Amino acid sequence: MERAEVRELLDKALAEGRTALTAPEGRRICQAYGIATPGEGLAASAGQAVDLAGEIGFPVVLKIVSPDILHKTDAGGVLVGLRTADEVREGYDKIIAAARAYDPDARIDGVQVQQLVGGGHEVIVGAVTDPTFGKVVAFGLGGVLVEVLKDVTFRLAPVSGDEALGMLDDIRAAEVLRGARGAEPADRTALAELIERVSRLVTDFPEIAEVDLNPVFADARGAVAADVRIIVGEPPQEAGRLPREEILRQMTRIFKPRAVAVIGASAEDGKIGNSVMRNLIDGGYRGRIFPINPKAPEIMGLPAYRSIADVPHDVDVAVFAIPAKFVPAALEEAGRKGVAGAIMIPSGFAETGNVEGQQEIVEIARRHGVRMLGPNIYGYYYTPENLCATFCTPYDVKGSVALTSQSGGIGMAILGFSRTSKMGVSAIVGVGNKADVDEDDLLTFFEQDENTKAVAMHLEDLKDGRGFVEAARRVVKEKPVIVLKAGRTAMGARAAGSHTGALAGDDRVYDDILRQAGVVRAPGLNDMLEYARALPILPTPKGENVVIITGAGGSGVLLSDACVDAGLTLMDIPPDLDEAFRAFIPPFGAAGNPVDITGGEPPSTYANTVRLGLADDRIHALVLGYWHTIVTPPMVFAELIARVVAEEREKGNVKPVVASLAGDTEVEEASEYLYEHGVVAYPYTTEKPVAVLGAKYRWARAAGLLG
């Protein structure tokens, strides 16, 4: 019955061409969804206002009710704390006059007389329709603080009870709501239920564009929404998604093709079609290669065909290396041929303003069931198949990390880093304009790809935020997904009809929802690459206790700071373990955490303390700080630590170990040696090894792998 009433209210507002509900309409919707609001009534005269105030009980609030006045305060349409009948009578006339002065043509339904509520904590609960993620709920500090502090967190709607409770803990002022400094705590259950109900409301009725409950007064007795603002509009279109099985079938043919055609193949050096051919042949691709060129009988020793239609074999992938204007006709032929993937290297589409041209090739591809990568890309690499379908640098260093990028320049940075760091990759994929294939499709393939142990993605936007979250949630249960989201500061606050809408108009929505999906977000390009390199190497920790063992007090302090910044928990060392560490360090060293063995100690001190840290089940990860001395030179330290870690792993003591090496240039070689032996190590930095360990922990928590 309640939903029928909500439907009636929304249909009425939309039929009248309104974009906002009146306050009484908003209150009725809140009542239908069990959201507490103050006692109130609608007065059509000053006398009625006085009678209502007497029934509700003083003090009261008066608010103008008009479908044409959205921001009541700006119109002088709100009076707070009226305590007598005379104040209410005068207030009614004052509000009506102010509203008519603000907008002479505004329809005025009357004045809302509302019980004055207050006390406890002022919070905001709301929802907004995000262009990337659809319906998103928000929670944070409310009242006048909302736009100043912007202490708000977001989740995809609908939210579960646990997710709603998590939102309460996710704002900076979480301790305030728990009753910090003797203040009364808020009823967490009531607030979580309120968030759940708002999320269910906007999920049930997609035409509700925004909901703003601000302020909500929350105390130990419950939560009451003092002001309700609901904005309506046309429901957003849902993104059409292919079945997972169909995506996987097509992606498998693209990454493991039996035959590749190069449309625009060329024998002339300097041409894109020549580079693609050379990379396919020289890269060792073992499938069939068919050059397509109407003017050449053969290219690089292979027979050339005038059209892909003339190829006497099935073709899985067509790589396009022709100008944009020739692409539609060639794509039609590729579609009729039955190719699974069209790799669109050509530029000149939406990125240059040619949106219609891009839409044309999307429609052709869809009509023929072809999945299209690009356009405007460098191609793609899949090393298990020796597949180098790109006009860029050839690459053949095999590894277990799949990387994708929207930008060609970022793609080449990935390639160079992979080579110099000896990381190796399973795949490097350009997605460019993402006219068709996007990150969701690629995650679907990498999820089940036995050659891929981690996925790192550079992206500027997401076509289908919900599709990405759905895919990422599946993948992170088994493999880390690392994202570098560009444009963190470019969006700015968009025009919106509510506080919630304005707050959602920046990067914080991406940040919160990527975290909700279990994705590890990298702050910069080098961070993304280092996370991608390290996470497959580092063992998964079994718990939160991190211990620092250092030969330099200064490094220990910096490493401690870095641990806090990375969200790591420095273990409180119990007395028996403290005593065990003290047995190995000099009297002037410092046990506790960090364990400072001091700089003049021989290699045996490093060996004994690290071995103890690995052997004790209460310790879950080690951070090592090394200081270059002649007593323990860098390579002596590196070989020693590598040996101790290997020996303990043989005993089943498998834990992540990262190291920071400070010293002369010899620490560079020592760091490389450690990395090659399963200890993630960096010279000249305390922040980077800890940040990498923090990334591993973020993934392990998201995957539910910590004890």
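Residues numbered from 1 in each chain as written. Predicted model: local features only at pLDDT ≥ 70, side-chain atom pairs only at ≥ 80, totals over all residues. Heavy atoms only, no water.

Trainee: An account of the pairing of strand β20 (residues 398-405) is requested, with residue identities and associated values reported.
Mentor: Strand direction decides the pairing type here: β20 and strand β21 (residues 425-430), joined by 5 bridges, are parallel. By the bridge assignment for β21, K398 is matched with V425. Crossover β20 to β21 through helix α13 (residues 408-420) is right-handed. In terms of strand pairing, β20 meets strand β22 (residues 454-459) through 5 bridges, oriented parallel. Each bridged residue has a counterpart across the sheet, and for L403 the counterpart in β22 is A456. (Pairing = 2+ DSSP bridges. Helix = DSSP H or I, 4+ residues; strand = E, 2+ residues; numbered from the N terminus. Right-handed = clockwise from strand over helix to strand, strands pointing away.)

Trainee: Could you give me a rundown of the nonpolar core, with the residues and numbers involved?
Mentor: Of all hydrophobic cores here, the largest spans 107 residues; its most connected members are F255, Y380 and L403. Among the elements that make up this core, the one with the highest residue count is helix α24 (residues 687-702) (7 residues). If we skip the residues at most four places from it in the chain, F255 touches Y380, Y382, E385, L387, A427, V429, L442, F445 and F446. Within the second largest apolar cluster, 45 residues are counted, among which are V6, C30, A186 and A192. (Core = buried A, V, L, I, M, F, W, Y, C linked by side-chain atoms within 4.5 Å. Buried < 20%, exposed > 50% of the residue type's maximum accessible area, 1.4 Å probe, protein only. Contact = heavy atoms within 4.5 Å.)

Trainee: Can you lay out empty space enclosed by the protein for me, pointing to particular residues and giving the numbers?
Mentor: Tallied over the full model, the rule gives 3 cavities of 30 Å³ or more. One number sums up the size of the largest cavity: a volume of about 120 Å³. Among the residues making up the lining of the largest cavity, the classes are represented as 9 nonpolar, 2 polar and 3 charged. (1 Å grid on protein atoms, 1.4 Å probe; cavity = no way out; pocket = protein on both sides within 12 Å on 5 of 7 lines; lining within 4 Å. Points joined across faces, edges and corners; volume = space filled by probe spheres on them. Nonpolar A, V, L, I, M, F, W, Y, C, P; charged D, E, K, R; others polar.)

Trainee: Tell me what's going on with the pairing of strand β11 (residues 259-263), and back it up with residues and numbers.
Mentor: Counting buried residues along β11, 5 of its 5 residues qualify, which places the element largely inside the surrounding structure. Of the two faces of β11, both are covered, the one formed by A259, A261 and I263 as well as the one formed by V260 and V262. Summarising the sheet, β11 and strand β12 (residues 288-292) pair through 5 bridges and their orientation is parallel. Bridging from a neighbouring strand, I263 pairs with I292 of β12. Handedness of the β11-helix α10 (residues 272-282)-β12 crossover: right-handed. The sheet contact formed by β11 and strand β15 (residues 317-320) spans 4 bridges and is parallel. Of the residues in β15, the one forming a bridge with V262 is V319.

Trainee: Quick rundown of the sheet that holds strand β24 (residues 520-521)? Include the residues and the values.
Mentor: Overall, mixed pairing links the 7 strands, which are arranged β19-β18-β21-β20-β22-β23-β24 in an open sheet. Only two strands of the sheet have a single neighbouring strand rather than two, namely β19 (387-390) and β24. Here helix α9 (residues 244-255) sits on the sheet in contact with β18 (379-382), β19 and β21, set at roughly 85° to β18. (Axes fitted to C-alpha atoms, helices over the stretch in contact; angles between N-to-C directions.)

Trainee: Run through the pattern of salt bridges, naming residues and quoting values.
Mentor: Counting across every chain of the model gives 47 salt bridges. Here D169 makes a salt bridge to R178, at a shortest N to O gap of 2.7 Å. A salt bridge links R188 to D169; its shortest N-O distance comes to 3.1 Å. One end of the pair, R188, is in helix α8 (residues 188-204); the other, D169, is in helix α6 (residues 161-170), with 19 residues separating them in the sequence. (Salt bridge = Lys/Arg side-chain N within 4 Å of Asp/Glu carboxyl O.)

Trainee: Quick one: what's the story with the packing of helix α1 (residues 2-15) against helix α2 (residues 23-32), residue by residue and with numbers?
Mentor: For the pair α1 and α2, interaxial distance at closest approach is 9 Å and the crossing angle is 155°. It follows from the interaxial angle that α1 and α2 lie roughly antiparallel. The two elements α1 and α2 meet at a crossing, and its hand is left-handed. On α2, the residues that touch E2, E5, V6, L9, L10 and K12 of α1 are E25, R28, I29 and A32. When grouped by side-chain class, the residues that make up the contact of α1 with α2 number 5 nonpolar, no polar and 5 charged. (Parallel < 35°, antiparallel > 145°, perpendicular 65-115°, else oblique. Left-handed = near helix turned anticlockwise from the far one by under 90°.)

Trainee: Requested: an account of the sheet that holds strand β16 (residues 341-344), with residues and values cited.
Mentor: Strand order in the open sheet formed by 5 strands is β12-β11-β15-β16-β17, with parallel pairing between adjacent strands. Two strands in the sheet have a free side with no partner beyond their single neighbour: β12 and β17 (371-373). Direction aside, the axes of adjacent strands within the sheet are offset by 20° on average. Against the sheet, α9 touches β15, β16 and β17, its axis set at about 50° to β17. Sheet strands in contact with α10 are β11, β12 and β15, and its direction is about 160° off that of β11.

Trainee: Just give me the short version of the packing of helix α20 (residues 575-582) against helix α21 (residues 603-615), but keep the residues and values in it.
Mentor: Where α20 contacts α21, the two axes come as close as 10 Å, and the packing angle between them is 155°. Relative to α21, α20 is oriented roughly antiparallel. Judged by the twist between their axes, the crossing of α20 over α21 is right-handed. On α21, the residues that touch L577, A580 and F581 of α20 are T609, L612 and G613. For the contact of α20 with α21, a count of residues per class yields 4 nonpolar, 2 polar and no charged.

Trainee: Please provide a residue-by-residue account of the layout of surface pockets, values included.
Mentor: Empty pockets left among the atoms are what a rolling probe the size of a water molecule brings to light. In this structure, the largest pocket encloses a volume near 1,200 Å³. E238, A239, G240, R241 and D464 are the residues nearest the centre of the largest pocket, which is lined by 46 residues in total. Sorting the residues of the lining of the largest pocket by element identifies β6 (134-141), α8, α9, α14 (439-448) and α15 (465-475) as the ones contributing at least two each. Looking at which element gives the most residues to the lining of the largest pocket, the answer is α15, with 8 residues.

Trainee: I'd like a rundown of α24, residues and numbers included.
Mentor: Across its 16 residues, α24 extends 22 Å between first and last C-alpha, which sits within 8% of the 22 Å expected from 1.5 Å per residue. For α24, the full list of buried residues reads P689, V690, V692, L693, G694, A695, K696, Y697, W699 and A700. Just downstream of α24, G704 is the residue with a positive phi angle, here 70°. (Expected span 1.5 Å × (residues − 1).)

Trainee: Hey, could you go over the packing of aromatic side chains for me, with residue numbers and the actual values?
Mentor: Using the criterion set out here, one finds 14 aromatic pairs in the structure. Between Y33 and F205, the aromatic rings sit 6.5 Å apart at their centres with planes inclined by 75°, giving edge-to-face as the arrangement. Note that Y33 is positioned in the loop between α2 and β1 (40-43) and F205 in the loop between α8 and β8 (208-219), a separation of 172 residues in sequence. When its relative accessible area of 7% is taken as the criterion, Y33 is described as buried. (Phe/Tyr/Trp six-rings, centres within 6.5 Å; stacked < 30°, edge-to-face > 60°.)

Trainee: Could you give me a rundown of helix α18 (residues 525-534), with the residues and numbers involved?
Mentor: Each α-helix winds once per 3.6 residues, and so residues spaced three or four apart point in a common direction. With respect to burial, α18 is a largely interior element, 7 of its 10 residues being buried. Looking only at α18, the buried set comprises M528, L529, E530, Y531, A532, R533 and A534.

Trainee: Account for the environment of I414, with residues named and values stated.
Mentor: Assignment of secondary structure puts I414 in helix α13. Sequence separation between I414 and I428 is 14 residues, and the spatial gap between their C-alpha atoms is 7.9 Å.

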